[in-house]
Amino acid sequence: MWWRRDKKAKAAEAESSARGVPRFLDPEVLARIGSLELLARAVVEGFIAGLHRSPFTGFSTEFTEYRQYHPGDDLRYLDWRLLGRTDRFFIKKYRADTNAQVTLLVDTSGSMRYAGAEGGVTKLQYAQFLAAALAHLAARQQDAVGLTAFGREVHTHVPALNRTGHMRTIYGRLSTLEAGGETRLAEALHLTADRLTRRGVVVLISDFYESPERLAGAFQHLRFRGHDVIAFHVLDPREVEFDFEDSLLLLEDSETAEQLPVLPAVVAGGYRQRVNAHVEALRRTCSANHVDYELVTTDRPLDFALFSFLSRRAGR
Amino acid sequence: MSFLNPFFLLGLAALAAPVLVHLVRRTRARQVEFPALYFVRQVPQRTIRRRTLRDLLLLALRCLALLLVVFAFTRPYFTSAGRAAEREGVRSTVIVLDASLSMRRAGLFEEAKRRVDALVGETAPDERVALLSFGEGYEVVSQFTTDRNALRAALAGVKVGFEATDYEQALRGAEALFRESKASGAKRVLVVSDFQATGWDAGRATFRLPSDVRLALIDVAAGRPESNAAVTNVEARGAVYGQKYTDKVAVHVANFADEERGPFTLDFQINEQTVEKREVRLAPREEKVVEFTDFNLGEGTNRCALRLRADDFAPDNDFYFTLRRESPAKALIIDGSARGGDSFYLQSALAAGGDLPFTFEVRGAGAVDPNALAAHTLVILNDAGLAPGPLSEGVERFVEAGGRLIIAAGPHTRSESFNRALGRVAPANLVEAVQLQRGETVAMTALKSSHPVFEVFNEGGRMPAARVYGYQRGEAREGASVLASFEDGSPALVEAGAGAGRVLMYNSTLGMAWSDLPLSPVYLPLVQQMVRYLGEREVSAWHRLGQAFVVEKGTEGQPPAVDTPSGARLKNVNEAKGGELLLTGREPGFYRLRYAAGYDFAAVNVEGREGDFAKLNEEEFLAAFTGGDPSASPAADARGRESGEEIEARQRAWWPLLLAALLLLAAESVLARRTKVVKTVGMKI
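As the structure is a computational prediction, the values presented were derived from the model and not from experiment.

Conventions used here
- Residues numbered from 1 in each chain as written.
- Chains lettered and ligands numbered in written order.
- Predicted model: local features only at pLDDT ≥ 70, side-chain atom pairs only at ≥ 80, totals over all residues.
- Helix = DSSP H or I, 4+ residues; strand = E, 2+ residues; numbered from the N terminus.
- Buried ≥ 20, exposed ≤ 12 C-beta atoms within 10 Å, placed from the backbone.
- Pairing = 2+ DSSP bridges.
- Axes fitted to C-alpha atoms, helices over the stretch in contact; angles between N-to-C directions.
- Contact = placed C-beta atoms within 7 Å.
- Nonpolar A, V, L, I, M, F, W, Y, C, P; charged D, E, K, R; others polar.
- Core = buried A, V, L, I, M, F, W, Y, C linked by C-beta atoms within 7 Å.

(A) How the structure looks around unusual backbone geometry. In this structure, the amide linkage connecting Gly262(B) to the following residue, Pro263(B), adopts the cis form with an omega of 5°. Residue placement: Pro263(B) occurs in strand β12 (residues 261-270). For Ala257(A), which is not a glycine, the phi torsion comes out positive at approximately 65°. The residue Ala257(A) is located in the loop between β8 (249-253) and β9 (259-262) in this model. Judged by local crowding, Ala257(A) falls into the exposed class, with 9 C-beta atoms found within 10 Å. The backbone of His290(A) shows a phi angle near 55°, a positive value even though the residue is not glycine. On the secondary structure map, His290(A) appears in the loop between α10 (264-288) and β10 (292-297).

(B) Local environment of the sheet that holds strand β3 (residues 101-107) of chain A. Residues and elements named next belong to chain A. Pairing is mixed across the open sheet formed by 6 strands, whose spatial order is β5-β4-β3-β6-β7-β10. The sheet is open, and its two edges are formed by β5 (154-161) and β10, each paired on a single side. Along the sheet, successive strands turn relative to each other by an average axial angle of 15°, direction set aside. Where strand β7 (residues 228-235) and β10 come together, 6 bridges link them in parallel fashion. Looking across to β10, one finds that Val234 is bridged to Val296. On top of the sheet, helix α5 (residues 123-140) reaches β3, β4 (144-150), β6 (201-206) and β7; it is set at about 175° to β3, its chief contact.

(C) Broad picture of the interface of chain B and chain A. Taken together, the 27 residues of chain B in the interface contact 35 residues of chain A. Every element with two or more residues in the side of chain B that touches chain A is listed here: α1 (16-27), β2 (30-34), α2 (37-42) and α3 (45-74) of chain B. Broken down by element, the residue count for the side of chain B that touches chain A peaks at 6 residues, all from α2(B). Split by residue class, the side of chain B that touches chain A holds 17 nonpolar, 4 polar and 6 charged. In this sheet, β2(B) lies alongside β8(A) in parallel orientation, the contact comprising 5 bridges. Bridge assignment links Leu249(A) to a residue of β2(B), and that residue is Arg30(B).

(D) Region of interest: the nonpolar core. With 88 residues, the main nonpolar core has Leu104(A), Leu130(A), Ala133(A), Val203(A) and Ile205(A) as its most contacted residues. At 12 residues, the largest contribution of residues to this core is made by α5(A). For Leu130(A), the residues in contact, after removing those within four places along its chain, are Ile205(A), Phe232(A), Leu302(A) and Ala305(A). Counting 66 residues, the second-largest nonpolar core is a separate cluster that includes Ile334(B), Leu346(B), Ala349(B) and Leu534(B).

(E) Quick look at the sheet that holds strand β25 (residues 491-498) of chain B. All names here are of chain B. Strand order across the open sheet formed by 8 strands is β18-β17-β19-β20-β26-β25-β24-β22, with mixed pairing between neighbours. Unpaired on one side and paired on the other, β18 (358-364) and β22 (444-445) mark the two borders of the sheet. In the sheet, strand β17 (residues 329-335) pairs with strand β19 (residues 378-382) via 5 bridges, with the strands oriented parallel. Looking at β19, one finds that Asp335 is bridged to Asn382. The strands touched by helix α9 (residues 390-400) are β19, β20 (404-408), β25 and β26 (501-506); relative to β26, the strand with the most contacts, the crossing angle is about 125°. Packed on one face of the sheet, helix α11 (residues 523-535) meets β17, β18, β19, β20 and β26 and runs near 150° to β20.

This is the structure in structure tokens:
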């Protein structure tokens, strides 16, 4: 429902404002920016500028010194101030010279085409914004950035490079991504694991309509190859809430075009239970395989995602 | 099933609304692309089905409740098949057919029979039907039967009569049929008639049909003209003893119309010969009396008729009556003188005309043969002073054998001797003779003015201009009737029956010895009335149709054979106690009485009021006989079937329908409350 989204957006905005994050990280605002490169720059620069004005002083500007706490980490490096501000556990790490390879893995299956609100930001758009911003952030740190996009199969692959003009290629390929086809997430991960010759950070941006069991194998494959994996689970708020007001709907599958008439009032409760269960299963799977997992909805600003990336980028 | 208010069925169209809405919304379900059908499909189908089923149940409850409300407003009722299943026993119907004189109007009775036939045809196959025809009385044409052919055959034999109308008798007859047949189940009476007001006296009606009997009226004369003029009555002395009829024949002619009628010609016929004509003009609703007098009669019974030449209902335009010219009987006056001189005034008064039924002879008591008394019809003992002996015994025998006796007890009558001589037949015992002082008189008082003896005077109190100087004080015997008294209360004129005879006793003189009565103007009419009263045979000039009258036996002692006015020989006649014939006239005209020695006639006429065709108030009629039962109405059963209103009022199916609808709506409310959407369970992000 619009007031709930607005409420969430406002809550996110309030949260962002509390941390001094500018509003231009709002996806709806970003959607108005035509150029991904420009968007990426604006997002990253704005994000970093906001960080300067944040109460989190003393940080390295790279902000790779923070990563999410995992059970077993040394509590001496727990940033208690950050905990007080965000209610989240972060371990402060010193900056390391990585020159890492960052591979952006973007899901372009048909389901990524979905936007719950008419005229709203689709999941793919959000993924594009996020991927662009992360690419810019990584490039800013002199990391090599690569891009792989997949749907039914891997259709876009830009090897990770760190050279002049390469980012333009990345932005260009990102901006031309279109959603379509079925989801073959696990296969794409396996393929990526096989393709990447150098260890690095794999950032997976998807709506994760895949069974956690199959993903577990793919994650294990990537981890076995020595990659750090960060999973951004992008969902539309409606996919989470299933807050349709219609008494009767004819739902059409984004990928298979299968149609299913439903009574939203009847289905909503059960649907939410299953989505929650799926998310929890994904969390557990990611946690078990040392994959950083973040669930983001397309109505939320990018700061959390960026923040999470930075903390991963800083390494363990 | 039928409906009292079928137009409410249009409300059923409202049932389509929720269904249409359901279908329209279903076909217009919004198509939405959704990526997570994977999870939607996992929601158990039974949840959807349960909700779907629950919604369908709600729809059904609402539709059914609406259906029941609509049906309740249409006020449904179940017709014959359902009624038969509900009730105990089958329905019994009595069809009452008016066969009175008024139904002889052109084509009316045939129409009534057609309606009865139609009613029979409309009855249920198991319905028991009886047929009853009526006029003043009723006749059961057919007992209860389910055989329609037998009913129709009986109906075909019903003929219209000449009787007047009596609806109360007819309904009593119908009620008796129900009672005798011990009918269970629904009962109804269908009256097929012209419903004329003269057939029902609302002021005297006391009978009411039982509450479980429905009454319906089928008027076959609606719209027919009601104008009619009739000869309704004739007043005449049935027997005369002279050639000229000096009394008046008073003819009553009535106009039953609301407009002026006439002029009509009224013909007076004697023995089919017109002797006089009068022209009659009648104002609206007027009854006029036309008199005829001073006409000659032949000997024996003269057949007289009044014929009104009116171009309307014919049966009441002719009025029949008989005038008998009889030979006077012999009467004997016995007085105390050897020459009969004491009876001068009496004899003069009796001989002074007046058409008396006797010829008189005067004899002294000593000159009378006791055995010759039987040759007379009337004996007058005019202060004869009879002592016990053969004559007195002869007088007693004469009276007891049926003779008539007038006793005048004057100064020659010794009380003790009188009592011994005529004690068996005299109406009073004499006590003593009372001779008043010179100049004193006593008058007769306490007259029974209603008695035929005094009808010519028709006044009570003192006998005018009669002075009595002496009288016999007496005591009336048990069973005697005192017709007048003297001022001291002593009976003056006493009457009693004795054996087959009758005696009038005057306790003073009919001569000048003890009163100046003979000089009084009342003397002549008084003595003539006394003689007429005892001696004149009561002869009716005519009889009303439907009333029984006695026809005397012939001289040979046998009752006569009777031919009806239409010429048929009357069979199955009834005999009265004394062997006379008891005849009930069923058709107007002259009944011919065939005796061995000759023939006589008896005139029978229809009831004059039957010619008044004005209609009764059907609402009042129904209310009077049904006690105001709302289920009885003139409009009901026009086709001989229980009306829809009656059936519905009895079944009252609407209220259980409404009650059921209320219960369904209550159930729908409870069920609808349980199908509210469950609140969203929020997800943590």
